[in-house]
Amino acid sequence: MREPPTQQSSTTSVVRMAATVSIPEVLRSLGADPEQVLAEIGYDVAIFQDPEYRISYAVRNRIIQHCATRANCPHFGLLLGRHNGLHTFGLVGLLVKHAADVEAAVRSFVRYRPVHVQGATVNLAVESNTATLTWHVDDPGMDALDHIGDATLATFCNVMHELCGSDWRPAEVRFAHRTPLDAGPYRRFFRVPLRFDAETYALT
């Protein structure tokens, strides 16, 4: 079994494995054998055991796309993101968790997120009493962008729950992909108004 390539130069986009360590668990929940599914593209399930392992952003996306296709699950990314939270971000997560207040926590999350992942950008826009977190990938031609976008928004939501309490809800969640045939999983997770076919992925 081959291992995914790690960073070879300062221009290579990489991500810590922490955000995807739950892939085997999600595959099992969908009735798929993670060892078999990953072996089909030449990877060993053992690579998901170390959250600090760094993997190429593009390779990570190809793995997720293959898993979603094999499991026949159009909301695979959403299921993946449900497992993520501040713990996913290692030392950055600890910094965010112990910030002085929520605004400082969110600004630290945005500022230091590149320590966890390169290849995508998160921005915070504050206007009046509304704050919006947006996400976009640096290379729009990569695989699995819908799944990664869904996973990112679910992760954002979990982070905000940890900072503000389980009763916190966003005002709106926006997706830069078309409305899924079954939006039920999205409605049940976010429980707020959802807007598909948006310009970008965002949590308001």
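Residues numbered from 1 in each chain as written. Predicted model: local features only at pLDDT ≥ 70, side-chain atom pairs only at ≥ 80, totals over all residues. Heavy atoms only, no water.

S.K.: Just checking my understanding: could you explain helix α3 (residues 57-70) for this structure?
M.R.: Helical geometry note: an α-helix holds 3.6 residues per turn, so side chains three or four residues apart project in the same direction. Compared with an ideal rise of 1.5 Å per residue, which puts 14 residues at 20 Å, α3 spans 20 Å between its outermost C-alpha atoms and is within 8% of the ideal. Of the residues making up α3, those classed as buried are Tyr57, Val59, Arg60, Asn61, Ile63, Ile64, His66, Cys67 and Ala68. The N-cap of α3, judged by a side-chain oxygen 3.3 Å from the amide nitrogen of Ala58 a few residues on, is Ser56. (Helix = DSSP H or I, 4+ residues; strand = E, 2+ residues; numbered from the N terminus. Expected span 1.5 Å × (residues − 1). Buried < 20%, exposed > 50% of the residue type's maximum accessible area, 1.4 Å probe, protein only. Polar contact = N/O pair within 3.5 Å; in protein donor to acceptor, adjacent residues only side chain to side chain.)

S.K.: Would you take a moment to explain the state of the cysteines for this structure?
M.R.: A covalent bond between the sulfur atoms of two cysteines is referred to as a disulfide. If you walk through the whole model with that rule in mind, you get 0 disulfides. The thiol of Cys67 is unpaired, and the distance to the nearest cysteine sulfur, on Cys73, comes to 11 Å. With no disulfide of its own, Cys157 lies 10 Å from the sulfur of Cys164, the closest cysteine sulfur. Among the residues examined, Cys157 registers a relative accessible area of 1% and is labelled buried. (Disulfide = S-S within 2.5 Å.)

S.K.: Got a minute to help me understand the pairing of strand β3 (residues 120-127) in this structure?
M.R.: Consecutive residues of a regular strand have side chains that alternate between opposite faces of the sheet. Of the pairings in the sheet, the one linking β3 to strand β4 (residues 130-137) comprises 8 bridges and is antiparallel in character. Across the sheet, Ala125 pairs through a bridge with Thr132, a residue of β4. Hairpin connection, β3 to β4: the antiparallel pair is bridged by 2 residues, and Ser128 has positive phi, about 60°. (Pairing = 2+ DSSP bridges.)

S.K.: What is the right way to read the pattern of salt bridges from this model?
M.R.: Opposite charge on two side chains makes pairing possible when the charged atoms of those side chains draw close. Tallied over the entire structure, the rule returns 5 salt bridges. Taking the shortest distance from any N to any O, the salt bridge between Glu52 and Arg16 comes out at 2.7 Å. Taken together, the residues span a long stretch of sequence, with Glu52 in the loop between α2 (34-39) and β2 (54-56) and Arg16 in strand β1 (residues 14-16) at a distance of 36 residues. Arg16 gets classed as buried once you look at its relative accessible area, which sits at 5%. Put simply, Glu172 and Arg174 hold a salt bridge, and the shortest N to O gap is 3.4 Å. Its relative accessible area of 23% is what places Glu172 among the partly exposed residues. Each of Glu172, Arg174 and Arg195 takes part in one network of salt bridges that share partners. (Salt bridge = Lys/Arg side-chain N within 4 Å of Asp/Glu carboxyl O.)

S.K.: What is the right way to read helix α6 (residues 102-112) from this model?
M.R.: Looking only at α6, the buried set comprises Ala105, Val106, Ser108, Phe109 and Val110. Capping the start of α6 is the job of one residue whose side-chain oxygen sits 3.3 Å from the backbone nitrogen of Glu103: Asp101.

S.K.: Mind showing me how you'd approach the packing of aromatic side chains here?
M.R.: Pairs of aromatic rings are described using the distance from one ring centre to the other and the angle between the two planes. According to the stated counting rule, one finds 8 aromatic pairs in the structure shown. A ring pair is formed by Phe109 and Phe156, whose centres lie 5.8 Å apart and whose planes are at 85°; its orientation type is edge-to-face. Within this pair, whereas Phe109 is found in helix α6, its partner Phe156 is found in helix α7 (residues 145-164), the two being separated by 47 residues in sequence. Looking at Phe109, the relative accessible area reads 3%, which means it is buried. Look at Phe156 and you get buried, because its relative accessible area is 2%. An angle of 85° between the planes, with centres 4.8 Å apart, marks the rings of Phe189 and Phe190 as edge-to-face. Taken individually, Phe189 and Phe190 each receive the classification buried, so the pair is uniform in this respect. The cationic tip of Arg60 hangs over the ring face of Tyr57; the distance from NZ or CZ to the ring centre is 4.6 Å. (Phe/Tyr/Trp six-rings, centres within 6.5 Å; stacked < 30°, edge-to-face > 60°. Lys NZ or Arg CZ within 6 Å of the ring centre and 35° of its normal.)

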